[in-house]
Amino acid sequence: MTSWWLVLAVLLGVYAIAVLEEWTMTGRIAPSAPLRSGLALLGRESLVPRQPDRVLFELAPLVLLIAAVLSLAVLPLAPGLLFADLATGALFVNAALAYVMVAVVMAGWAPNAPFALVAGWRFLGQLVAYSMLIVMPITAVGMRAQSLATSAVVDSQAPLWNVVAQPLGFGLFSLAALAVAFLPPFDLPIAPSELAGGVFGEYTGARLVIVRLGRLVLVLSLAMAVTVFYLGGWLGPMLPHCAWTSIKVLAVAATMLSTGRYLPRVTIDLMLAWAWKLGIPLALVNILWVGITLLLAKSG
Amino acid sequence: MQQVVAVVVFGLAAVVLGAGIFRTSSMVRSALSLLGSMAALGALFLALEAEFLGVLQLMMMATEMAIMAIFMVMYMMDPGGLGKMEMAHQKRVAIAFGVIAGLTGVALAVLPAWAPIVAVAPGPTLQVHDLGIELLTRSMLIFETAGLAILVAMVAATAVAIVRRRP
Amino acid sequence: MTSELLPISLAIGAGLFGIGIYGVLSQTNLVMIMMGIELMLGGALVNLVAFWRLLHPDNYAGQVFVLLVMTLMALDMAVGFGIATARFRAKGSVETEEAAELKG
């Protein structure tokens, strides 16, 4: 019974994020636009490039969608309202997000097209940049919660949200989340003006619908991860738990989708340099900071 | 019963995908087949109730195998596999050794009289907690050595692969 | 939870190990040999996890061993690819057939 409610909640969330994305790009709220464009795409011709790697061409959008859905499965909407309550939930989110990279690399290789190939390998470089910045803040969050289960992480924020207790981790995790979902300014794999659509530029018709759906679920899942790990999940004074989670997720998603409009695209050499020379030392400082505050709180 | 079925299915998937590495001539398909095999191993660990190890295996292997894919495309002569070159040598010796090793392993698995198996394992939450305690108290030296080994390997790999600037 | 689970898991580990040995001995390219090594270590990992879960689930030294083997899988790939990069820059290929300068 609860799983049907969860599926409905996920579908509503995905639709809401699609409307939000349309709003950040055009400034108008068009509630029926995602449905109309999805149906239009399904009706269009489905072109396949010459001599693709057929297996990988078909698999890549599905792997993207499945990875995004799996990472969503361990994040709670309310106490007890999640698909799979794993004891290592926080780590599982990261494991599922790693398969997003596998999907993008597959999609870069499969269509036998030069722009897609370049975009795919650039995303691998982007992964080398962001992967440590995704995991180390999760480590600090787990330290405070004394557990890796996502429900325990939310419960540990009852005195003080992690965004105030670990601001450095919040900043790094949010930036890394933008890089995972390849949203601008970290959108090297799709790079609309530079690489002619990049990795997913050769996909048309029904496959493009799956790609876009996968991307929306990925944005939803990352917004929920930021909410659960740093913004206190379902904690809040008056409204029911689901309402608080939804408000926070939509606010985070709107912020994630609109930051890119004001910043230029970050090239791969700058991204790697900043991530490894600046980001990882800051993540280690964050862990040190959290450790010191936890020991002081325990002894004080 | 479900657990036995899950173990058999994931184990067979790992073996079949592992064999598929050497049967395809496309390099990226080889690397992704190895990724599939390792992911099946991760699922196998989850089926054997080692939750932390399974999730860790899934996470690490995705990244490692994608990096292996890019290195294969860089260093192999025919990454697309359309040229149908013969990539193997001393095939019969290799098959013989592989079969001997595999059969010896299977014999060592099936023949001995193993001790009775323990039916109940600690729950996942307790496992994660106790593994952390174990790593930081009794196996601290091993943990630190592994960390030092990672640092040494990072420095060594960078030093070997860096381009010398001639002044 | 039947007692056949232990021989089944060990047989899976043995199968992976055998395929890994075939790969290491038959392939000429350094990267493919490293894939064979990964398969062999994967087989060892299956054995370790099976032994931990089915014979000694209270002793976490088994899980520490698995963590160490996973670390080593990553490390050997890292150093191996460093060597492959250096070799490729020097000679233009990483084939072992063409690396026979030290022979004889």
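These numbers come from a predicted model, not from an experiment. (Residues numbered from 1 in each chain as written. Chains lettered and ligands numbered in written order. Predicted model: local features only at pLDDT ≥ 70, side-chain atom pairs only at ≥ 80, totals over all residues.)

## Regarding the overall build of chain B
Of the regular secondary structure elements, chain B holds six helices and zero strands. Listing every helix and strand of chain B by position from the N terminus yields α-α-α-α-α-α. Against the 2.2 N^0.38 benchmark of 15 Å for 167 residues, chain B shows a C-alpha radius of gyration of 21 Å, more extended than a compact globule. The dimensions of chain B, computed from C-alpha atoms along their principal axes, are 60 × 45 × 25 Å. With 167 residues in all, chain B has 39% of them scored as buried. Contacts in chain B between residues far apart in sequence, at least 24 positions, make up 60% of those at least 6 positions apart. (Helix = DSSP H or I, 4+ residues; strand = E, 2+ residues; numbered from the N terminus. Rg over C-alpha atoms; globule rule 2.2 N^0.38 Å. Buried ≥ 20, exposed ≤ 12 C-beta atoms within 10 Å, placed from the backbone. Contact = placed C-beta atoms within 7 Å.)

## With respect to the confidence of the model for chain C
Averaged over every residue, the pLDDT of chain C is 89; residues scoring 70 or more account for 97%. Taken together, the chains of this predicted complex give a pTM of 0.90 and an interface ipTM of 0.90. (pLDDT = per-residue confidence, 0-100.)

## Focus on the arrangement of the chains
The highest contact count of any of the two pairs of chains in contact belongs to chains B and C. Spatially, chain A is disjoint from chain C: no contact exists, and the shortest C-alpha separation is 13 Å.

## Let's talk about the domain arrangement of chain B
We note that the domain assignment places domain 1 (1-80) and domain 2 (123-167) within chain B. The distance between the C-alpha centroids of domain 1 of chain B and domain 2 of chain B comes to 23 Å. (Domains from an automatic or database assignment.)

## Focus on the packing of helix α8 (residues 167-180) of chain A against helix α11 (residues 268-299) of chain A
All names here are of chain A. It is the contact of α8 with α11, at a shortest axis distance of 9 Å, that shows an interaxial angle of 145°. Judged by the sense of rotation from one axis to the other, the crossing of α8 with α11 is left-handed. Each of Leu 168, Gly 169 and Leu 172 in α8 lies in contact with α11, whose residues at this interface are Gly 279, Leu 282, Ala 283, Val 285, Asn 286 and Trp 289. Taken together, the residues of the contact of α8 with α11 sort by class into six nonpolar, three polar and no charged. (Axes fitted to C-alpha atoms, helices over the stretch in contact; angles between N-to-C directions. Left-handed = near helix turned anticlockwise from the far one by under 90°. Nonpolar A, V, L, I, M, F, W, Y, C, P; charged D, E, K, R; others polar.)

## Concerning the interface of chain A and chain B
Facing 22 residues of chain A, the contacting portion of chain B comprises 17 residues. The set of elements that each furnish at least two residues to the side of chain A that touches chain B consists of α4 (89-109) and α5 (114-145) of chain A. Ranked by the residues each element gives to the side of chain A that touches chain B, the list is headed by α4 of chain A, at eleven residues. Its residues assigned to classes, the side of chain A that touches chain B comprises 17 nonpolar, four polar and one charged.

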